[in-house]
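Inside the fold
So you can see what is in the structure, the chains are spelled out below.
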Amino acid sequence: MNTGLAAVILAAGKGTRMKSAAPKVLHPICGQPMLRYPIAAAQQAGFEQIAVVVGHQAEMVTQAFSGEKVHWVEQTEQLGTGHALLCAAEALPGFTGTLLLLCGDVPLLQADILEQVLQYHKNEKATVTVLTAEMQDPTGYGRIIRNQEQVMKIVEEKDATEDQRRINEINTGTYLFDAEFVFSALKNLKTDNAQGEYYLTDIVAAAVSAGKKTRGVGIPDATQMMGINDRRQLAEAEAVMRWHINSELMLSGVSMIDPTTVYVDSTVEIGPDTVLHPNVQLHGATKIGSNCIIETGVVVVDSTVADGAHLKAGSAIEESQLGPDCKIGPMAHLRPGTVLVGSNKIGNFVETKKAVMGEGAQSSHLTYIGDAEVGKN
């Protein structure tokens, strides 16, 4: 018997409103494709097996995540969320444990919330637990219909009565299921609804009919459930995530003069007592040491910067390694393959490429150094 914890992430949609040639779930947020975040949240919350349902441009999505330990499941026809989960059953043969369902276009949901919902689901011995949120304007969302603790059903907006549309508790699209029950119940779903699709939400009513416990647990921070349907929402989600990243960095000892204008990817590491000025951009696999000063307009991509560096205004550093106590710029450009051993000075409008500068070596201004080694001092 295959028990334990498994997660299914729905990522088959086309994302028409993105107006893009790329699949929606590959659009980046803070340097990572949107889909990376629900995968990571499920992994961090302890879900050992992860199946991702893909459809539109499936090959492009699977290639972008070729290093991930996930099962890929293709949904060739888009027949609704219930059908998507039924497709995923093939990737989890014989699984009878607790099944988490996430949406690939909901990137802000944190692992600690998933852990709390999982604990609640276990404590209640529920067959279905749906993560819910209170919305001032619930337009467009499925409404939660309760009888006290028991969730009786979820009604989609298009199928809701006027009274039901006044309910503010909404379905976030994140669920925990008893896998054995849900995979069995999915086979009996019907398409007699406004969309003509297999609604996953119908599983709740099916569980109630079978005398099972169905529960809804509210998320305290509804912004974590923000779904991405267009580029405006993509920008909103990035702003939320950027503030989360910058807050964590500041709590760890990094100073930011104006954190609303500092752009740090989720993959970047920064040491304490480093100061980031406005309009700094730090991308990719970048590591910044302690006691560094990074001035306005500096861009660093996939580079290592050791302790005590001073990166002056407008400098750009790509795929380079900087030793301790280096002074760069202003307006210098370190291109890929540059290695500064330490205590180096690179002045105004200097450009380097595949250059190794020995300890204490300097290049004051208006110089190009390429495919070269410059000795100590």
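Above: the structure in question.
The structure presented is a predicted model; accordingly, all values stated were derived computationally and were not measured. (Residues numbered from 1 in each chain as written. Predicted model: local features only at pLDDT ≥ 70, side-chain atom pairs only at ≥ 80, totals over all residues. Heavy atoms only, no water.)

With omega at 10°, the peptide bond leading from Gly329 into Pro330 counts as cis. Mapped onto the secondary structure, Pro330 falls in the loop between β24 (327-328) and β25 (333-334). Non-glycine residue Asn279 carries a positive phi angle of around 60°. (Helix = DSSP H or I, 4+ residues; strand = E, 2+ residues; numbered from the N terminus.)

Turning our attention to helix α4 (residues 111-124). In an α-helix, one turn spans 3.6 residues; hence positions three or four apart end up facing the same way. In a regular helix each residue adds 1.5 Å, so 14 residues correspond to 20 Å; α4 covers 20 Å between its end C-alpha atoms and thus fits that length. Buried residues along α4 sit against β1 (5-11), α1 (36-44), β6 (98-103), β7 (128-134), β10 (169-178) and β11 (214-218). (Expected span 1.5 Å × (residues − 1). Contact = heavy atoms within 4.5 Å.)

What follows deals with the environment of Ile317. Here Ile317 shows up in strand β22 (residues 316-318). Not counting the four nearest positions on each side in its chain, Ile317 is found in contact with Val299, Val300, Val301, Ser303, Leu311, Leu322 and Leu334.

Now for the nonpolar core. If you look at the biggest cluster of nonpolar residues, it comprises 43 residues, and the most contacted ones within it are Val264, Ile270, Leu276, Leu282, Leu311 and Ile328. Sorting elements by how many residues they give to this core places helix α8 (residues 231-251) first, with five residues. (Core = buried A, V, L, I, M, F, W, Y, C linked by side-chain atoms within 4.5 Å. Buried < 20%, exposed > 50% of the residue type's maximum accessible area, 1.4 Å probe, protein only.)

Adjacent strands of a sheet form backbone hydrogen bonds with each other and so pair up, either parallel or antiparallel. Pairing is parallel across the open sheet formed by seven strands, whose spatial order is β12-β15-β18-β21-β24-β27-β29. Each having just a single partner strand, β12 (255-256) and β29 (362-365) make up the two edges of the open sheet. Inspection of the sheet shows strand β21 (residues 310-311) paired to β24 by two bridges, in the parallel sense. If you follow His310 over to β24, its bridge partner there is Lys327. (Pairing = 2+ DSSP bridges.)

Moving on: the packing of aromatic side chains. Enumeration over the complete set of coordinates arrives at two aromatic pairs. On the numbers, 6.4 Å between centres and 55° between planes, the contact of Phe65 with Trp72 is tilted. Judged by its relative accessible area of 1%, Phe65 is buried. Ring geometry for Tyr175 against Phe177: centres 5.2 Å apart, planes inclined by 15°, an arrangement best described as stacked. (Phe/Tyr/Trp six-rings, centres within 6.5 Å; stacked < 30°, edge-to-face > 60°.)

All of the buried residues along helix α7 (residues 202-209) are Ile203, Val204 and Ala207. Down the axis of α7, the buried set is contained in an arc of 105°. They therefore lie on one face. Where α7 is buried, its residues meet β7, β9 (150-155), β10, α6 (179-186) and β11. Directly beyond the C-terminal end of α7, a positive phi value near 75° is found at Gly211. (Arc of directions from axis to C-beta.)

Attention now moves to a nonpolar patch on the surface. On the surface, Met331, Phe349 and Leu366 cluster together into a nonpolar patch covering about 340 Å² of accessible area. Tracing the chain through its elements places Phe349 in the loop between β27 (345-348) and β28 (351-357). (Patch = residues over 30% accessible without salt bridge, like charges linked within 9 Å, V, L, I, M, F, W, Y side chains within 5 Å. Areas by Shrake-Rupley, 256 points an atom, 1.4 Å probe, with all protein chains shown as cover. Salt bridge = Lys/Arg side-chain N within 4 Å of Asp/Glu carboxyl O.)

This paragraph deals with the pairing of β9. Here five bridges tie strand β8 (residues 143-147) to β9, and the two strands are oriented antiparallel to one another. Residue pairing across strands places Asn147 opposite Gln150, the latter belonging to β9. Between β8 and β9, which pair antiparallel in sequence order, lie two residues; one of them, Gln148, sits at a positive phi of approximately 55°.

With that settled, consider the packing of α1 against α4. Put simply, α1 and α4 touch, their axes get as near as 8 Å, and they point 50° apart. Between α1 and α4, the angle is such that the two are oblique. The handedness of the crossing between α1 and α4 comes out as right-handed. On the side of α1, the interface is formed by Ala41, Ala42 and Gln44, while α4 contributes Ala111, Leu114 and Glu115. Residue classes in the contact of α1 with α4 are distributed as four nonpolar, one polar and one charged. (Axes fitted to C-alpha atoms, helices over the stretch in contact; angles between N-to-C directions. Parallel < 35°, antiparallel > 145°, perpendicular 65-115°, else oblique. Left-handed = near helix turned anticlockwise from the far one by under 90°. Nonpolar A, V, L, I, M, F, W, Y, C, P; charged D, E, K, R; others polar.)

Another aspect to go through is the environment of His333. Along the chain, the position of His333 falls in strand β25. Judged by relative accessible area, His333 falls into the partly exposed class, the value being 28%. Between the alpha carbons of His333 and Lys158 there is a distance of 55 Å; along the sequence they are 175 residues apart. If we skip the residues at most four places from it in the chain, His333 touches Ala316, Glu318, Val350, Glu351 and Thr352.

This brings us to the packing of helix α3 (residues 81-89) against α6. Axis separation between α3 and α6 bottoms out at 10 Å; the angle between their running directions is 120°. Relative to α6, the element α3 lies oblique. Crossing geometry of α3 relative to α6 is assigned as left-handed. Taken together, the residues of α6 that come into contact with α3 (itself represented by Gly82, Leu85, Leu86 and Ala89) are Val182, Phe183 and Leu186. The residue inventory of the contact of α3 with α6, partitioned by class, reads six nonpolar, one polar and no charged.

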